[in-house]
Amino acid sequence: MTGIAIFETVAAMRQAVAGWHAAGEKVGLVPTMGALHEGHIALVKEAQRRAQRVIVTIFVNPTQFAPHEDFKKYPRTFDDDCAKLVAAGADAVFFPPVEEMYPAGFATRVLLLGPAAVGLDDRFRPTHFEGVATICCKLFTQSRADLAVFGEKDYQQLKVVTRMAADLDLGIEIVPLPTFREADGLAMSSRNRYLAPQDRALAPLLHTVMQALAVRIRNREDLFRAVGEAQGEIISAGFELDYLEARHADTLAPVTSLADGPIRLLVAARLGATRLIDNIAV
């Protein structure tokens, strides 16, 4: 496609990055699974503010999906994605086939503790973060980028990847970017397109409830009562709630009050077949 380089192999990407580094240019990475929306483009723009060259990866990673999840129906919109990236001025797309990322005999995974084992998404998707960490570790070392930009919408993922990159001395800076939202407050997600019209109308309630809960916590109301009532409000509205919890913003450990440190509210809930996640700072 005119206006953007497309790399399908690690060797091609590394050759380009080596040239950019030789010219004294910093390289930013934006890992995605495609189906790009305005939130992804905001990640690209942030990478452009911090680096002279930006690579966007598009790879629907099979190892982060459980057998019952939506790997096969996950939206794949490569041509549209590339058009958006050309308009945004990205330099390159890394679009590898599965065989490039997981060749025959591939037998390695990243073992995780810390923020990956705190009873949030890991409780419902026990193999998910291993898959995320493994693919991110590969992308970081494959690209040899100087920094990678991640949105805060997948907050536990952000903490897992940040911890992993530091623990394994991967030499890459992880840059967080606040969640991009629709006009009604719903966190932007590639999966929002799955929502039936009546569910799309209801979905912003998650953010509304969390905002009200954050106010109650800041006003030093009893945390357990406030969280419990917010959980009830979400369930009563028709969501199937996986969790709504107040956690330490850095470690994701459980908290009992504002005295325990900075608090992050995290939620995961289903409407129909679509699972929504969100989080906000208290």
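Check the entry above for the structure.
Given the structure is predicted, the values throughout are model-derived calculations rather than measurements.

Q: Please explain the nonpolar core as it appears in this structure.
A: In globular proteins that are soluble, nonpolar side chains generally tend to be buried together. Within the largest apolar cluster, 43 residues are counted, with the highest numbers of intra-cluster contacts made by Ile 55, Phe 94, Cys 136, Phe 140, Phe 150 and Ile 174. Counting only elements with at least two residues in this core, the list comes to α1 (10–22), β2 (27–32), β4 (92–94), α6 (128–143), β5 (147–151), α7 (155–167) and β8 (263–271). It is α6 that provides the largest number of residues to this core, a total of eight residues. Setting aside residues up to four positions removed in sequence, Phe 94 forms contacts with Phe 7, Glu 8, Thr 9, Val 10, Met 13, Ile 55, Val 56, Thr 57, Ile 58, Met 101, Leu 139 and Gln 142. The next biggest cluster of nonpolar side chains, apart from the first, holds 25 residues, and it includes Ile 234, Leu 244, Ile 263 and Leu 265.

Q: When you look at the sheet that holds strand β9 (residues 274–281) in this model, what are you seeing that I'm missing?
A: The strands making up a sheet associate through hydrogen bonds between their backbones, and the pairing can be parallel or antiparallel. Ordered in space as β7-β8-β9, the three strands form an open sheet in which the pairing is antiparallel. Strand pairing shows two members of the sheet lacking a second neighbour, β7 (240–248) and β9, which therefore form its edges. Between one strand axis and the next, the sheet turns through 10 degrees on average, direction left out of account. Relative to β9, β8 runs antiparallel, the two sharing eight bridges.

Q: What should I look at first to understand helix α2 (residues 38–50) in this one?
A: For α2, spanning 13 residues, the distance from its first C-alpha to its last is 19 Å, which sits close to the expected 18 Å at 1.5 Å a residue. Restricting attention to buried positions, one finds in α2 the residues Gly 39, His 40, Ile 41, Ala 42, Leu 43, Val 44, Glu 46 and Ala 47. Where the residues of α2 are buried, they touch β2, β3 (53–58), α3 (78–88), β5 and β6 (173–177).

Q: How do you make sense of the side chain of Glu 152 when you look at a structure like this?
A: The topology assignment puts Glu 152 in the loop between β5 and α7. Discounting chain neighbours no more than four positions away, the residues touching Glu 152 are Leu 158, Pro 176, Leu 177, Pro 178, Thr 179, Arg 264 and Asn 279.

What counts as what
- Residues numbered from 1 in each chain as written.
- Predicted model: local features only at pLDDT ≥ 70, side-chain atom pairs only at ≥ 80, totals over all residues.
- Heavy atoms only, no water.
- Core = buried A, V, L, I, M, F, W, Y, C linked by side-chain atoms within 4.5 Å.
- Buried < 20%, exposed > 50% of the residue type's maximum accessible area, 1.4 Å probe, protein only.
- Helix = DSSP H or I, 4+ residues; strand = E, 2+ residues; numbered from the N terminus.
- Contact = heavy atoms within 4.5 Å.
- Pairing = 2+ DSSP bridges.
- Axes fitted to C-alpha atoms, helices over the stretch in contact; angles between N-to-C directions.
- Expected span 1.5 Å × (residues − 1).

Everything listed is a geometric property; what it means functionally is a separate question.
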